[in-house]
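Working through the structure, step by step
Single-letter residue listing:
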Amino acid sequence: MRERAALLLRFVRRLARRGCGLLVLALSATATAQPAWRVPDPALIEPANLAGYYAEVLRLALRKGGSAAGEPQIEWVGGRGMVRERYRRMLAAGEIDVLWSSSTPAREAEFLPVRFNLLRGVNEHRLLLVRRADLPRFRGVRDLRDLRAFSAGAGTHWSDAQILRANGLRVVTASQHPSLFRMLALGRFDFLALGAAEIDDALQAHADLDLVIEPRLVVRYHQPIYFFVNRRQPALAERILRGLQRAARDGSLAQVFMAHATLRDAW
C-alpha cells in the first residue's frame, strides 16, 4: 500500500507539471491515505485473556502518537500454528511492521525496540507451576542456590530459558507451548516459571494434569515486554513511543491495563 501511494504521488506531480489540476486533487487523497500497519493477530500467539490487551495498546499508541485524525489502520496477519520466532523472521524481512516480545540484547540489536514496558513488570514476577506430588520437595527452597537442585521448563525461543540458564539452572525446552505442561506432568523437568498474569489460566487449561502453584516461592527477573519494529522504520518506532508516553501521562494507558481483569489481578 505504501509503495502504491508513493508511485501515485510521483505520477500526480508529473501531471501537476502538465496542468492536470483536477486529477491531481482526486489522486492526492488516495496518496495521503494512512497506511495499514501489518501486525500479528494477537489471538494467534497470546492467551485469550491477554490478546485483546496488546491489540488495544497498539491502537492507542498509534492513535496518540500520530498526527492524522481517525483510527489507525491495522492489518492482522498470521495463521494457526505459527510460532513467535516465525514472526520475528517476518519482521526482519519487512513482511510485518510491529511485533511485541520480551527483550534480549540480540533482539534489540536486530530490531528497533520501543523501550516502554507494556506489562508494567507483572510478567517479571514468576510463580512456579509444579506437580502436586512434588510440593514437599520445594518446602526446603529458600534461595536461588536451593532452586538450582530443580530443573525448569521453557519454550525453545523464550528469553526465560536464557535467563534461567545464566543463573545456573538446568532448562529443558520445547518448541510448542502446550507441550510443556504435559512434559512437566510426565517428569521431564520440575517446574514452569510463569507470569502472575498467565499462570491461573494455564492451570485451568490443564486441570487434568494435577499441577499446582507452589504457594511460597516467587522468582523475579528483569524481562521487559516491548514493541519492536524493523530498523528501516525509525519513524514508526518514534510514533509508537510518543503515543505510549502520551497515553501514560493522560491515564488512558492505565485505564486499558486495569480494564483487563487478568492484568489487574496480577498487579
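What counts as what
Residues numbered from 1 in each chain as written. Predicted model: local features only at pLDDT ≥ 70, side-chain atom pairs only at ≥ 80, totals over all residues. Heavy atoms only, no water. pLDDT = per-residue confidence, 0-100. Contact = heavy atoms within 4.5 Å. Helix = DSSP H or I, 4+ residues; strand = E, 2+ residues; numbered from the N terminus. Buried < 20%, exposed > 50% of the residue type's maximum accessible area, 1.4 Å probe, protein only. 1 Å grid on protein atoms, 1.4 Å probe; cavity = no way out; pocket = protein on both sides within 12 Å on 5 of 7 lines; lining within 4 Å. Points joined across faces, edges and corners; volume = space filled by probe spheres on them.

1. Details of the confidence of the model for the chain
- For the chain, per-residue confidence averages 86 on the pLDDT scale, and 87% of positions sit at 70 or higher.
- A low-confidence stretch, residues 15-32 (pLDDT under 50), is modelled with 13 contacts involving residues beyond four sequence positions or located in other chains.

2. Focus on unusual backbone geometry
- Even without being a glycine, Arg-120 presents a positive backbone phi close to 55°.
- Tracing the backbone through its elements, the reader meets Arg-120 in the loop between β4 (112-114) and β5 (125-131).
- One non-glycine residue, Asp-210, adopts positive backbone phi at about 60°.
- Given the relative accessible area of 42%, Asp-210 is considered partly exposed.

3. So, the layout of surface pockets
- In this structure, the largest pocket spans a volume of roughly 1300 Å³.
- Every residue lining the largest pocket is counted, 46 residues in all, and those nearest its centre are Ile-45, Pro-47, Arg-84, Trp-158 and His-177.
- Elements with a minimum of two residues in the lining of the largest pocket: α3 (42-45), α4 (48-65), α5 (84-92), β3 (98-102), α9 (159-166), α10 (177-185), β8 (191-195) and α11 (199-205).
- Considering only enclosed or pocket space, the second largest pocket measures out at about 190 Å³ in volume.
- What lines the second largest pocket is a set of 13 residues, among which Leu-144, Leu-147, Val-218, Val-219 and Arg-220 lie closest to the centre.
- Counting residues per element, the ones that place at least two in the lining of the second largest pocket are α8 (144-147), α9 and β9 (211-220).
- Broken down by element, the residue count for the lining of the second largest pocket peaks at four residues, all from β9.

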